[in-house]
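# Geometric and topological summary
Below are the chains, spelled out letter by letter.
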Amino acid sequence: MGCSIRLKVANLLGFWLLIFTEVVVGRFVVEKNSLRVTSPESIKGTHDSAIGNFGIPQYGGSMAGIVVYPKDNRKGCKNFDDFGISFKAKPGAMPNFVLVDRGDCFFALKVWNAQNAGAAAVLVADDLDEPLITMDSPEEDAAAAKYIVNITIPSALVDKSFGEKLKKAISGGDMVNVNLDWREAVPHPDRVEYELWSNSNDECGVKCDMLMEFVKDFKGAAQILEKGGYTQFTPHYITWYCPQAFTISKQCKSQCINHGRYCAPDPEQDFSTGYEGKDVVLENLRQLCVFRVANETKKPWIWWDYVTDFQIRCPMKEKKYNKECADGVIKSLGLDLKKIEKCMGDPDADSDNPVLKEEQDAQIGKGSRGDVTILPTLVVNNRQYRGLFVEKGNSHAVVLISFLLMSVLYREIGKRCCLKALCAGFEETTEPSVCLTGDVETNECLENNGGCWQDTTANITACKDTFRGRVCECPVVNGVQFKGDGYSSCVASGPGRCKISHGGCWHENRNGITFSACVDTEEGKCTCPPGFRGDGVKSCVGKTTAEVKSAWTAVWIILIGLAMAAGGAYLVYKYRLRSYMDSEIRAIMAQYMPLDSQNEVPNHVHEDRA
């Protein structure tokens, strides 16, 4: 069993390594920030450093501190508390930037251990003479997933030669003052154009979970900025192609569409079970077409509603990641399903798909932007940003909002849209009171009821407007809780439910009398009333007048028949009883009294005496 699993994993990794080797021949641009040494004089100057793909870079700002190099645990792979080391700055002192050596453990673990010891930032010194690389977080590591989401300090990789200079200065007793500067990392145009490279796969581990949370948290702010014309957003999805020699292989057929032209890795990394890579490609394509069709209607922000609703309603874990569920979401948002299907084209055709072909072309770097190879990747005004999707709650949304709004706040101070966007960055229950006023609601429920469930008769809806965007949640009405998914159904539950739209059960008014199938109990069942038949939810059919008359006629016939039978039985009984009584009486009288029909018996006694 173990060998079989290892063989499957090896085949899977080998297959995608081959594809990656053939496809990724472009240029990857490392996101950098400026590191300026202000003292000592021997190393004073500006140096490049590569921003880590975890933690929270201070985009648009800067941070000054003192570099410290620990005497023990210099690679940072162990807890610094075990060595009695603390990097927490004393009151009034500058924060400490910890310098650690590369190697022996994940970059993220080094930063996590330093953060726990009180570090304000981490610099990792490379151990190889090579160009700077991005410090990425480990992919599928359960232990790492527990701490990556809690890393809040920035980190950067410095090249080997600069790292050696820092160590030499510190060991010589010099105080090394540095300034980390992220201000040049953010362009400042009049309108922000940004792209999010993501994936519809929700079974790829911690990164997918973080991405899903980010999309849901940031949706409200993104829609506000888009509606106001302050930003222009475009979603993108990474796809690979299968090498020509493998297009007829089992791997390519299960993970690709259009005869190997557009592929995605198997969600479970197992070709023999669950969903296939081509299912992910199809959903990615559908989401691209949703954006295009929504954009044609001048409402591109509907893409955010579709993606978040699909995540909630159609997860892989519940086996709902399919076309039927996606179509339900599309219809609920009022989008043209036929246009979307036309946009998607034929996945079995041996030809290019125009939409996915554009995506593959867009992956290739242009100008100052490198190839997109890491998921997720954010591109703002043609500049790539990472390390944004690792914080719990809405803190990561705050980071993105902070540098998106920098480009518009200076000319839109006081605009209500910016207040809404800023409010959307607060974690729930922590927002200021101004964010809870009606002025900052998005009012998405006014159009198509926000794609949520509603009862037009009772004027009840599951749509709620908030400064984060609309949410579909079954309501509480007059103390009665409605239960359901909030999108396609909400049903009143518990005592008192029959008072509200008859608890979702069948009801009908006949001659001023209301008949209802609602039974006001905890079970919440719908049962047709006496004289009716049906399921109690959609229909209860009562008997017609003709049926009632026929029934009563039958009853009368039966009653009359029974009466006649009883009368006949009584007459027969009476006749037979009387005959029987007469015969018995005659027999008794015959024994004691001579009857008129009998001859007298001679009296011999009297004759003898004479």
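A brief look at the structure comes next. All of these numbers come straight from a predicted model, not from anything done at the bench. Positions within a chain are numbered from 1, following the residues in the order the chain's sequence is written. Local features are withheld for residues below a pLDDT of 70 in this predicted model, meaning they are given only at 70 or higher, and side-chain atom pairs are given and counted only at 80 or more; totals for whole chains, interfaces and linings count all residues. The basis for the side-chain values is all heavy atoms of the structure; hydrogens and waters are excluded.

### Some points on the state of the cysteines
The cut-off we apply is this: To count as a disulfide, a pair of cysteine sulfur atoms needs to be within 2.5 Å. Elements are defined by DSSP. Helices are runs of H or I of four residues or more, strands are runs of E of two residues or more, and each kind is numbered from the N terminus.
What the rule picks out here adds up to 11 disulfides. Covalent S-S linkage joins Cys505 and Cys526, the inter-sulfur distance amounting to 1.9 Å. Since a negative S-S torsion denotes a left-handed disulfide, the Cys505-Cys526 link at about -70 degrees is left-handed. You can see Cys505 sitting in the loop between strand 20 (491-493) and strand 21 (507-510) and its partner Cys526 sitting in the loop between strand 22 (513-516) and strand 23 (532-533), a full 21 residues away along the chain.

### Quick word on the sheet that holds strand 19 (residues 480-483)
Going by this rule: For two strands to pair, DSSP has to find at least two bridges joining them.
Read from one edge to the other, the open sheet built from three strands follows the order 18-19-20, with strand pairing classed as antiparallel. Because the sheet does not close on itself, it has two edges, and the strands there are strand 18 (476-477) and strand 20. In this sheet, strand 19 lies alongside strand 18 in antiparallel orientation, the contact comprising two bridges. Residue pairing for strand 19: Val476 is matched across the bridge by Gln481.

### Some details on unusual backbone geometry
What counts, and what does not: Only protein chains enter the area calculation, which uses a 1.4 Å probe; residues under 20% of their type maximum are buried, those over 50% are exposed, and those in between are partly exposed.
That bond from Ser39 to Pro40 is cis: its omega, 5 degrees, falls within 30 degrees of zero. If you trace the backbone, Pro40 turns up in the loop between strand 1 (32-39) and strand 2 (45-51). Within the chain, Asn73 stands out as a residue other than glycine whose phi angle is a positive 55 degrees. With respect to the helices and strands, Asn73 occurs in the loop between strand 3 (62-68) and strand 4 (96-101). Even without glycine at this site, Asn478 takes up a positive phi of about 50 degrees. Within the element layout of this structure, Asn478 appears in the loop between strand 18 and strand 19. Given a relative accessible area of 73%, Asn478 falls into the exposed group.

### Brief notes about the packing of aromatic side chains
Worth spelling out the cut-off: Under the pairing criterion, centres of Phe, Tyr and Trp rings, with the six-membered ring standing for Trp, must be within 6.5 Å; the plane angle then separates stacked pairs below 30 degrees from edge-to-face pairs above 60, leaving the rest tilted.
Overall, the coordinates contain 13 aromatic pairs when judged by the stated rule. Measuring from centroid to centroid gives 5.5 Å for Tyr275 and Tyr321, while their planes differ by 70 degrees, and the two rings are edge-to-face. In this pair, Tyr275 sits in the loop between strand 11 (262-263) and helix 7 (277-296) while Tyr321 sits in the loop between helix 8 (302-313) and helix 9 (323-332), placing the two residues 46 residues apart along the sequence. The same class applies to Tyr275 and to Tyr321, which are both buried. Aromatic side chains Trp506 and Phe532 sit 5.4 Å apart centroid to centroid with 50 degrees between the ring planes, which places their arrangement in the tilted category. With Trp506 in the loop between strand 20 and strand 21 and Phe532 in strand 23, the pair connects residues that are 26 residues apart, well separated along the chain. Across this residue pair, the class does not change: Trp506 and Phe532 are buried. Here a set of aromatic residues connected by ring pairs shows up, and it is made of Tyr194, Phe233, Phe291, Trp303 and Trp304.

### Digging into the pattern of salt bridges
Heads up, the rule is: Only one rule defines a salt bridge in this text: a Lys or Arg side-chain nitrogen within 4 Å of an Asp or Glu carboxyl oxygen.
All told, the structure shown has 18 salt bridges when counted by the stated rule. A salt bridge links Asp350 to Arg261; the shortest N-O distance between them is 2.8 Å. One end of the pair, Asp350, is in the loop between helix 10 (337-344) and helix 11 (354-363); the other, Arg261, is in the loop between strand 10 (256-257) and strand 11, with 89 residues separating them in the sequence. Relative accessible area serves as the criterion here: at 24%, Arg261 is assigned to the partly exposed category. Among the charged side chains, a network of salt bridges with common partners joins Asp101, Glu164 and Lys167.

### Here we look at the packing of helix 7 against helix 9
Condition: Axes here mean lines fitted to C-alpha atoms, for a helix over just the part in contact, with angles spanning 0 to 180 degrees between N-to-C directions. In this scheme, roughly parallel covers angles under 35 degrees and roughly antiparallel covers those over 145, while 65 to 115 is roughly perpendicular and the rest are oblique. Each crossing gets its hand from how the near helix is turned against the far one by less than a right angle, where anticlockwise is left-handed and clockwise is right-handed. Contacts between residues were defined by any pair of non-hydrogen atoms, one from each residue, lying within 4.5 Å. Note that Gly is not counted as nonpolar here; it falls among the polar residues with everything else outside the nonpolar set of Ala, Val, Leu, Ile, Met, Phe, Trp, Tyr, Cys and Pro and the charged set of Asp, Glu, Lys and Arg.
Relative orientation of the contacting elements helix 7 and helix 9 amounts to 15 degrees, with a least axis distance of 12 Å. Comparing the axis directions of helix 7 and helix 9 gives the class roughly parallel. Helix-helix and strand crossings are classified by hand; for helix 7 and helix 9 the assignment is right-handed. Residues Glu283, Arg286 and Val290 of helix 7 form the contact with helix 9, whose own contacting residues are Lys323, Ala326 and Ile330. Residues belonging to the contact of helix 7 with helix 9 are distributed by class as follows: three nonpolar, no polar and three charged.

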